[in-house]
Amino acid sequence: MKRTLYALCLLGTALLATPVYADDKVDPAIVKLQHDWAHANYQIPDAQQEAALKTLSEEAHQVSAANPAAPEPMIWEAIILSTYAKAKGGLGALKLAEKSRDLLLAAEKINPNALNGSIYTSLGSLYYKVPGWPIGFGDKKKAREYLEKALQLNPTGIDPNYFYADFLSGQGDYAKAVEYYKKALAAPARPGREDADAGRRQDVEEGLKVAEKKR
């Protein structure tokens, strides 16, 4: 079961677009969460990740609690919780995934287009990585709907293309997965998000190798 639950943690978090508020200025607290997340997810040793992400999830909650009307902090708290689930594993990972989902649904009610559609990328990822009933809330049909909606909102983004490709690969549609992995590699760079882009491109390249071998 632990292996099954661990699968939900390949989320990496799908929410990597730079958050923009009404005044088009990035909140410094969000910027810090972005870079701290990229460091914890891609750079620190696995043995240290759980503790680092636990601390970071607490910091993220403070930011979202202080800004209850803003969807962006909720989304980043959800990102960090899903990555914390990866490090934690076991039944505790499922509880974190549920909390992540609930935050995303709350953010959607405020602004469904926040972070350029990243809410839907992340919801889609959760629904296809989390085990289905009776263990969890996973649902492949909902996953596809959310991921395709994310692509409608952000067709050239690295994250929506990567997670849709990963979903397709998991469903055995390797030829189509290769198409979307290549779109992810061709995605425009995100200024200020070089650390996250570098890590995500590595995810894409690894997924592409597998899909090309199996198609």
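All figures in this text were calculated on a predicted structure; none of them were measured in a lab.

**Details of the pattern of salt bridges**
Okay, step 1: Counted by the stated rule, this structure contains 12 salt bridges.
Okay, step 2: Residue Lys32 pairs with Glu59 through a salt bridge whose shortest N-O separation is 3.6 Å. Here Lys32 is found in helix H2 (residues 28–42), whereas its partner Glu59 is found in helix H3 (residues 46–66), with 27 residues between them in sequence.
Okay, step 3: Overall, the relative accessible area of 46% leaves Lys32 in the partly exposed class.
Okay, step 4: With a closest N to O distance of 2.6 Å, Arg200 and Asp203 form a salt bridge. With Arg200 and Asp203 both in helix H10 (residues 194–214), this residue pair falls three residues apart, about one helical turn.

**Overview of the environment of Gly136**
Okay, step 1: Structurally, Gly136 can be placed in the loop between helix H6 (114–129) and helix H7 (140–153).
Okay, step 2: According to the relative accessible area criterion, Gly136 is buried, its value standing at 16%.
Okay, step 3: Gly136 sits 38 residues away from Glu98 along the chain, and the two C-alpha atoms are 8.6 Å apart.
Okay, step 4: Beyond its immediate sequence surroundings of up to four residues, Gly136 is in contact with Leu94, Val130 and Pro131.

**Points about H6**
Okay, step 1: Taking 1.5 Å of rise per residue, 16 residues should cover 22 Å, and H6 covers 22 Å from first to last C-alpha, within 8% of that figure.
Okay, step 2: Counting buried positions along H6 gives 15 out of 16 residues, so the element sits mostly inside the fold.

**Points about the confidence of the model for the chain**
Okay, step 1: Residues of the chain with pLDDT of at least 70 account for 88%, and the chain-wide mean is 88.
Okay, step 2: At the low end of the mean pLDDT range in the chain sits helix H1 (residues 2–7), at 42; at the high end sits helix H9 (residues 174–185), at 98.
Okay, step 3: Counting interchain partners and residues more than four positions distant, the pLDDT-below-50 stretch residues 1–25 has 91 contacts.

**Thoughts on the packing of aromatic side chains**
Okay, step 1: All chains considered together, the criterion is met by 10 aromatic pairs.
Okay, step 2: Plain terms: the ring middles of Tyr128 and Phe167 are 5.5 Å apart, the flat faces sit at 65° to each other, and that makes the pair edge-to-face. With Tyr128 in helix H6 and Phe167 in helix H8 (residues 158–170), the pair connects residues that are 39 residues apart, well separated along the chain. Considered together, Tyr128 and Phe167 belong to a single accessibility category, that of buried residues.
Okay, step 3: Taken together, the aromatic side chains of Tyr120, Tyr127, Phe137 and Tyr146 make up a single cluster linked through ring pairs.

About the criteria used
Residues numbered from 1 in each chain as written. Predicted model: local features only at pLDDT ≥ 70, side-chain atom pairs only at ≥ 80, totals over all residues. Heavy atoms only, no water. Salt bridge = Lys/Arg side-chain N within 4 Å of Asp/Glu carboxyl O. Helix = DSSP H or I, 4+ residues; strand = E, 2+ residues; numbered from the N terminus. Buried < 20%, exposed > 50% of the residue type's maximum accessible area, 1.4 Å probe, protein only. Contact = heavy atoms within 4.5 Å. Expected span 1.5 Å × (residues − 1). pLDDT = per-residue confidence, 0-100. Phe/Tyr/Trp six-rings, centres within 6.5 Å; stacked < 30°, edge-to-face > 60°.

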